[in-house]
Amino acid sequence: MPASAEVLSAEAEAAAHGVGGSGGGAASARARLGSVALVIGGIVSLQFGSSVAVLLFPRAGALGVVTLRLVVASLVLLVVCRPKVRGYGRGDWATVVAFGVALAGMNSLFYQAIDRIPLGAAVTLEFLGPLILSVATSRRLLSVVWALLALGGVGLLGRAGFDGLNLVGAGCAVAAGGLWAAYILLSARTGQRFPQADGLALAMTVAAVLSLPLGVASAGAALLNPVAVGLGAAVALMSSVLPYTLELLALRKLPASGFAVMMSLEPAAAATAGFLVLGQALGWVELVAIGLVVVASAGAVLSGARR
């Protein structure tokens with residue numbers, strides 16, 4: 001088990017043992033419920049932001065949109081958080097840099113994927129990363145059951161989108177899923193080392209710097225187009241600033257295994273956003289799949305609350 005996974009397992013155990021006292025049980029339950037709400041809010045915001053990003057691709061391209069998203073998000077977070085850069089050790093900075101690399105890679109690969117394959121299929125394949133993480137970080141057999149149920153729903157939801165799937169797009173989605181798992185681990189670790197969202201602001205800045213050369217080379221002057229900048233700002237707020245901040249805060253109270261299985265709501269949110277924004281209709285198969293992933297997510301959270 002990686003060191004970061006051990007940190008998350010220890011955090012989960014500490015949270016579990018903290019539910020012992022008379023007033024502590026109610027407080028812990030409220031904190032867990034609040035964390036669940038934060039995660040769901042981040043999921044909805046992220047997927048609707050992805051739909052808007054697809055509409056922006058013809059203007060700036062996938063790499064250009066990634067650059068707009070990360071640069072705007074980093075500027076917003078730096079202004080709002082005003083993170084301190086003194087008083088941190090080498091390990092703290094290594095964590096932030098690794099977090100930034102994961103953010104840049106995850107976003108770049110995912111946008112390459114949705115530029116080639118449907119949004120629902122891309123999110124379905126990407127979800128394999130956190131799904132595997134949910135099993136790897138859990139010590140309970142029941143978590144495996146919920147993960148398998150979520151996997152069944154994810155596979156059912158993406159069934160229609162897998163016909164004639166572009167292999168490059170599918171590969172990018174799977175690779176993005178691996179970095180998504182790394183993001184979950186590094187986000188929790190960053191939240192432990194930096195106050196508030198300071199670590200996120202610094203990591204987002206690292207990601208923006210890494211993506212800037214590729215974005216400029218790909219989109220050029222399109223990055224300065226007022227319409228592209230405006231839509232890019234909207235994508236940044238919906239897909240980066242809001243969801244990452246909410247998830248970073250949620251991971252301080254929610255065990256990693258529960259958080260990872262809750263990510264099974266991503267395909268459902270993507271299907272809904274695709275229907276409302278991109279005009280992608282939902283059939284009975286998709287509705288059944290959404291029901292499966294919702295049940296799996298609820299089961300994972302309830303199981304964690306009973307620990």
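Reading the values: rules and limits
Residue numbers restart at each chain and count upward from 1, following the sequence in its written direction. In view of the model being predicted, local features appear only for residues whose pLDDT reaches at least 70, and side-chain atom pairs are presented and counted only at 80 or more, with totals across whole chains, interfaces and linings using the full set of residues. As a rule here, side-chain values come from all non-hydrogen atoms in the structure, and water together with hydrogens is ignored. Labels follow the DSSP assignment, with helices taken as runs of H or I lasting at least four residues and strands as runs of E lasting at least two, numbered in each case from the N terminus. Type-normalised accessible area, obtained with a 1.4 Å probe on protein chains alone, sets the label of each residue: buried when under 20%, exposed when over 50%, and partly exposed for intermediate values. Contacts: residue pairs with any heavy atoms within 4.5 Å of one another. Accessible surface is estimated by sampling points in the Shrake-Rupley manner with a 1.4 Å probe; for residues, cover comes only from the protein chains shown. Distance and chemistry together define a polar contact, namely a pair of N or O atoms within 3.5 Å, with one atom able to donate a hydrogen and the other to accept it when in protein, and with adjacent residues in sequence counting only for side-chain atoms on both sides. In this analysis, rings of Phe, Tyr and Trp, with Trp reduced to its six-membered ring, are considered paired at centre separations within 6.5 Å, and the interplanar angle assigns stacked below 30 degrees, edge-to-face beyond 60, and tilted for intermediate values. Axis angles are defined between N-to-C directions and span 0 to 180 degrees, where every axis is a line fitted to C-alpha atoms and, for a helix, only to the segment in contact. Put simply, angles under 35 degrees are roughly parallel, angles over 145 are roughly antiparallel, angles from 65 to 115 are roughly perpendicular, and the rest are oblique. Definitions for this section: a left-handed crossing has its near helix turned counterclockwise from the far helix by less than a right angle. A right-handed crossing has that turn clockwise. By the convention adopted, Pro, Cys, Tyr, Trp, Phe, Met, Ile, Leu, Val and Ala count as nonpolar, Lys, Arg, Asp and Glu as charged, and the other residues, Gly among them, as polar. We define a nonpolar core as any set of buried Ala, Val, Leu, Ile, Met, Phe, Trp, Tyr and Cys residues linked to one another through side-chain atoms lying within 4.5 Å. Basic side-chain nitrogens of Lys or Arg form a salt bridge, by our definition, when they fall within 4 Å of a carboxyl oxygen of Asp or Glu. What pLDDT reports is the predictor's confidence in each residue, on a scale of 0 through 100.

### Overview of the overall build of the protein chain
No. 1: Scanning the protein chain from terminus to terminus reveals 12 helices and 0 strands.
No. 2: Written out in order from the N terminus, the α and β elements of the protein chain read α-α-α-α-α-α-α-α-α-α-α-α.
No. 3: Burial statistics for the protein chain: of 307 residues in total, 52% are counted as buried.
No. 4: By sequence separation, contacts in the protein chain at least 24 residues apart represent 88% of the contacts at least 6 residues apart.
No. 5: Roughly 12,700 Å² of accessible area belongs to the protein chain as shown, and the carbon and sulfur atoms make up 70% of that amount.

### Observations concerning the side chain of Thr-95
No. 1: The topology assignment puts Thr-95 in helix α3 (residues 90–114).
No. 2: A distance of 2.9 Å separates the side chain of Thr-95 from the backbone oxygen of Gly-91, its partner in a polar contact.
No. 3: Leave out the neighbours within four places in its chain, and Thr-95 touches Leu-186, Arg-189, Thr-190 and Arg-193.

### Re the environment of Gly-91
No. 1: Tracing the backbone shows Gly-91 in helix α3.
No. 2: According to the relative accessible area criterion, Gly-91 is partly exposed, its value standing at 38%.
No. 3: Sequence spacing of Gly-91 and Arg-193 is 102 residues, and the spatial spacing of their C-alpha atoms is 9.3 Å.

### Digging into the side chain of Ser-239
No. 1: Along the chain, Ser-239 turns up in helix α9 (residues 226–250).
No. 2: Look at Ser-239 and you get buried, because its relative accessible area is 0%.

### A closer look at the packing of aromatic side chains
What characterises a pair of aromatic rings is the spacing of the ring centres plus the angle enclosed by the ring planes.
No. 1: Counted according to the given criterion, the structure contains 6 aromatic pairs.
No. 2: A centroid spacing of 6.1 Å and a plane angle of 55° characterise the contact between Phe-110 and Tyr-111, whose relative ring orientation is tilted.
No. 3: Put simply, the rings of Phe-57, Phe-110 and Tyr-111 pair up and form one aromatic cluster.

### Let's talk about unusual backbone geometry
No. 1: Residue Arg-82 is not a glycine yet carries a positive backbone phi of 45°.
No. 2: With respect to the secondary-structure elements, Arg-82 resides in the loop between α2 (22–81) and α3.

### Some details on the packing of α3 against helix α8 (residues 198–219)
No. 1: Where α3 contacts α8, the two axes come as close as 7 Å, and the packing angle between them is 55°. Classified by the angle between their axes, α3 and α8 sit oblique to one another. Like other packed secondary-structure pairs, α3 and α8 cross with a definite hand, here right-handed. When α3 is examined against α8, the residues Trp-93, Val-96, Val-97, Phe-99, Gly-100, Val-101, Leu-103 and Ala-104 are found in contact with a partner set consisting of Gly-199, Leu-200, Leu-202, Ala-203, Met-204, Val-206, Ala-207 and Leu-210.
No. 2: Split into classes, the residues belonging to the contact of α3 with α8 amount to 14 nonpolar, 2 polar and no charged.

### A look at the environment of Ala-175
No. 1: Mapped onto the secondary structure, Ala-175 falls in helix α7 (residues 167–193).
No. 2: For Ala-175, a relative accessible area of 34% translates into the label partly exposed.
No. 3: For Ala-175 and Met-106, which are 69 residues apart along the polypeptide, the C-alpha to C-alpha distance reads 7.8 Å.

### Points about the nonpolar core
No. 1: The biggest cluster of nonpolar side chains holds 79 residues, and the ones touching the most others in it are Val-39, Leu-103, Phe-110, Tyr-111, Tyr-183, Leu-200 and Met-204.
No. 2: Once residues lying within four places of it in the same chain are set aside, the contact partners of Leu-103 are Tyr-183, Ala-203, Met-204, Ala-207 and Tyr-244.

### Concerning the pattern of salt bridges
No. 1: For the structure shown, the criterion picks out 1 salt bridge.
No. 2: Put simply, Asp-92 and Arg-193 hold a salt bridge, and the shortest N to O gap is 2.6 Å. Of this pair, Asp-92 sits in helix α3 while Arg-193 sits in helix α7; the two residues are 101 residues apart in sequence, bridging distant segments of the chain.
No. 3: Owing to a relative accessible area of 13%, Asp-92 belongs among the buried residues under this scheme.

### With respect to the confidence of the model for the protein chain
No. 1: Counting all residues, the mean pLDDT for the protein chain is 79, and 82% of those residues have values of 70 or more.
No. 2: When mean pLDDT is taken per element in the protein chain, α3 scores highest with 93 and helix α1 (residues 3–17) scores lowest with 35.
No. 3: Of the regions scoring below 50 in pLDDT, residues 1–23 engages in 26 contacts with residues more than four places distant in sequence or in other chains.

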